[in-house]
Amino acid sequence: MMKFDDPLARQIEALLADSTHEGHPMRAVLEDLYARFLEQSRQIDRISHIADRYQNAERERGQGFANSYQRKLKQLEKIVRISDQYQHMLRDVNDRLQWLSSRDELTGLPNRRFMLGLLGEQLRKLGRGGAPVCVAMADIDHFKTINDTYGHDAGDKVLARLGELFRDNLRAEDVCGRWGGEEFLIVLPAADLEASVTTLARLRELVSALPGPTGESLSFRLSLSIGLVRCDDPGEAPDTLLKRVDAALYAAKWQGRDRTVVA
Amino acid sequence: MRDLIVAGTDSIPAVKADWASGLLEMTGDSYPENAFELYQPVIDWIEAYLAADQRPLNLRLTLLYLNTSSIRALIDILDLLETAHQGGRAVAVVWLYEPDNEGVAALAEEFREDYTFPFEVVAQDR
């Protein structure tokens with residue numbers, strides 16, 4: 001667009017102002033043409049100005065969307081991050097609860113619930129062609145006397161010590177759990193009776209060397225009666241198997257305690 | 001505006017918003033079936049309180065576990081506080097946790113990130 005102070009504009013204005021051209025037919029036409037040109041220049045200016053403002057507004061709006069999108073995205077990322085962390089925390093709590101619900105608090109050994117599950121699992125394995133499993137029930141001899149003589153705290157200490165001993169002296173694949181009271185259930189997967197008897201004899205020996213509840217070693221000797229059975233019938237119900245183990249344990253007690261009886 | 005009281009349950013936190021003292025407390029787990037239903041009144045209360053006058057607003061949070069929509073609602077609430085703080089309003093958050101639950105403290109720290117108003121994560125005395 002022509003600026004009003006540019007040479008051509010100045011030249012036109014000078015010509016129009018010059019009185020010597022008064023009455024020339026082209027002068028009136030030039031005057032009209034120049035006026036129309038000025039008007040159109042103003043229009044173009046106005047339209048450009050409005051168009052610029054629209055463009056700026058659009059750009060700002062777009063920028064606003066981009067900013068708010070970025071903000072939302074950041075918020076979403078934060079939500080996801082925190083949510084993941086909560087889920088981790090819950091999983092940890094869940095693991096811990098699962099562990100606690102399968103443990104005996106006093107001895108730190110697996111509890112009865114866990115051992116029942118394990119027994120069922122072993123029998124299912126046997127059903128799928130797995131190796132026979134040996135199961136033993138060990139009972140502390142004269143435990144009532146320990147409680148009566150030294151008190152229940154001492155009795156608890158004996159149970160905890162035994163738990164530790166069982167945990168430390170079995171094969172990695174053997175599992176000993178506290179069945180209840182002073183009874184411990186030992187599952188020996190893929191072991192034959194002979195090897196199991198040897199394992200249990202070693203346990204009984206270690207137990208007999210434990211000091212008494214108050215620390216003295218002479219006046220007291222702990223002993224275990226153990227019933228041992230082997231299961232090679234995948235159809236045997238866990239209850240039936242446990243009854244057989246109980247019967248073997250009863251026989252060990254009846255035969256004078258401090259021994260393993262295989263049935 | 002009146003006080004806002006929501007009795008907590010196993011799945012929703014107890015909410016106590018005291019208009020007179022400008023203290024909003026939320027305590028417990030937050031697993032609502034409908035987070036909007038629980039948190040919209042809280043957000044409304046905060047907006048009304050912030051709009052009413054210039055008194056300070058304090059949040060006291062003792063939250064344990066939050067589901068995802070609760071996390072979102074809480075971030076919306078904290079964003080409201082941040083905006084108020086940017087506008088010169090006195091707002092503050094104290095997040096209390098039990099000392100044997102460090103995980104909760106780590107999560108409160110995650111929430112705190114990006115905010116410029118006073119936001120304390122404090123082990124609770126027992």
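Residues numbered from 1 in each chain as written. Chains lettered and ligands numbered in written order. Predicted model: local features only at pLDDT ≥ 70, side-chain atom pairs only at ≥ 80, totals over all residues.

*Asks:* Is there a simple way to think about the pairing of strand β1 (residues 133-140) of chain A in this case?
*Replies:* Remark: a regular strand shows side chains that alternate across the two faces of the sheet. All names here are of chain A. For β1, the buried fraction is high: eight of the eight residues fall into the buried class. Because side chains alternate across β1, one face comprises the buried residues Val133, Val135, Met137 and Asp139, and the other comprises Cys134, Ala136, Ala138 and Ile140, equally buried. Sheet topology note: the β1/strand β3 (residues 183-189) ladder contains seven bridges and is antiparallel. The residue bridging Cys134 from the neighbouring strand is Leu188, located in β3. Where β1 lies against strand β4 (residues 224-231), eight bridges are found, and the strand directions are antiparallel. (Buried ≥ 20, exposed ≤ 12 C-beta atoms within 10 Å, placed from the backbone. Helix = DSSP H or I, 4+ residues; strand = E, 2+ residues; numbered from the N terminus. Pairing = 2+ DSSP bridges.)

*Asks:* How should the interface of chain A and chain B be read in this particular structure?
*Replies:* Interfaces are often sized by the amount of accessible area the parts lose when they come together. Chain A puts ten residues into the contact, and the matching count from chain B is ten residues. Residue composition of the side of chain A that touches chain B, by class: five nonpolar, three polar and two charged. (Contact = placed C-beta atoms within 7 Å. Nonpolar A, V, L, I, M, F, W, Y, C, P; charged D, E, K, R; others polar.)

*Asks:* Explain the pairing of β4(A) here, please?
*Replies:* Residue and element names in this part refer to chain A. For β4, the tally of buried residues reaches seven of eight residues, placing the bulk of the element in the interior. Alignment of β4 against strand β5 (residues 260-262), held across three bridges, turns out to be parallel. Looking at β5, one finds that Ile226 is bridged to Thr260.

*Asks:* It is not clear to me how the sheet that holds β1(A) should be interpreted in this structure. Could you clarify?
*Replies:* Paired through backbone hydrogen bonds, the strands of a sheet run either parallel or antiparallel to each other. Residues and elements named next belong to chain A. One open sheet accounts for five strands, arranged β2-β3-β1-β4-β5; its pairing is mixed. Each having just a single partner strand, β2 (175-180) and β5 make up the two edges of the open sheet. Sheet twist, expressed as the average angle between the axes of neighbouring strands with direction ignored, equals 20°. Packing of helix α3 (residues 112-127) onto the sheet brings it into contact with β1, β2, β3 and β4, and relative to β2 it is tilted by some 130°. Across the sheet, helix α7 (residues 238-254) touches β1, β4 and β5, and the angle it forms with β4 is around 145°. (Axes fitted to C-alpha atoms, helices over the stretch in contact; angles between N-to-C directions.)

*Asks:* Looking at this structure, how should I read the sheet that holds strand β5 (residues 91-97) of chain B?
*Replies:* Residue and element names in this part refer to chain B. Spatially, the six strands line up as an open sheet ordered β1-β2-β3-β4-β5-β6, and their pairing is mixed. Edge positions in the sheet fall to β1 (4-6) and β6 (119-123), since each of these pairs with one other strand and no more. Direction aside, the axes of adjacent strands within the sheet are offset by 15° on average. Judged from the three bridges that link them, β1 and strand β2 (residues 14-18) form a sheet pairing that is antiparallel. Looking at the pairing, Leu4 lines up with Ala17 of β2. Here helix α1 (residues 35-52) sits on the sheet in contact with β1, β2, β3 (23-30) and β4 (57-66), set at roughly 160° to β1.

*Asks:* Explain the confidence of the model for chain B here, please?
*Replies:* Interpretation of this model should avoid reading the predicted coordinates in detail wherever pLDDT is low. Here chain B averages 94 in pLDDT, while 98% of its residues score no lower than 70. If you check the scores for this complex, the pTM reads 0.67 and the ipTM reads 0.86. (pLDDT = per-residue confidence, 0-100.)

*Asks:* Where do I start with the packing of helix α2 (residues 25-101) of chain A against helix α3 (residues 102-112) of chain B in this structure?
*Replies:* For any two helices packed against each other, the geometry is given by the interaxial angle and the distance between the axes. At a closest axis distance of 10 Å, the pairing of α2(A) and α3(B) adopts a crossing angle of 175°. The angle between α2(A) and α3(B) falls in the class roughly antiparallel. Along its contact with α2(A), which presents A:Arg81, A:Ile82, A:Gln85, A:Tyr86 and A:Met89, the element α3(B) presents B:Gly103, B:Leu107, B:Glu110 and B:Phe111. Residue classes in the contact of α2(A) with α3(B) are distributed as five nonpolar, two polar and two charged. (Parallel < 35°, antiparallel > 145°, perpendicular 65-115°, else oblique.)

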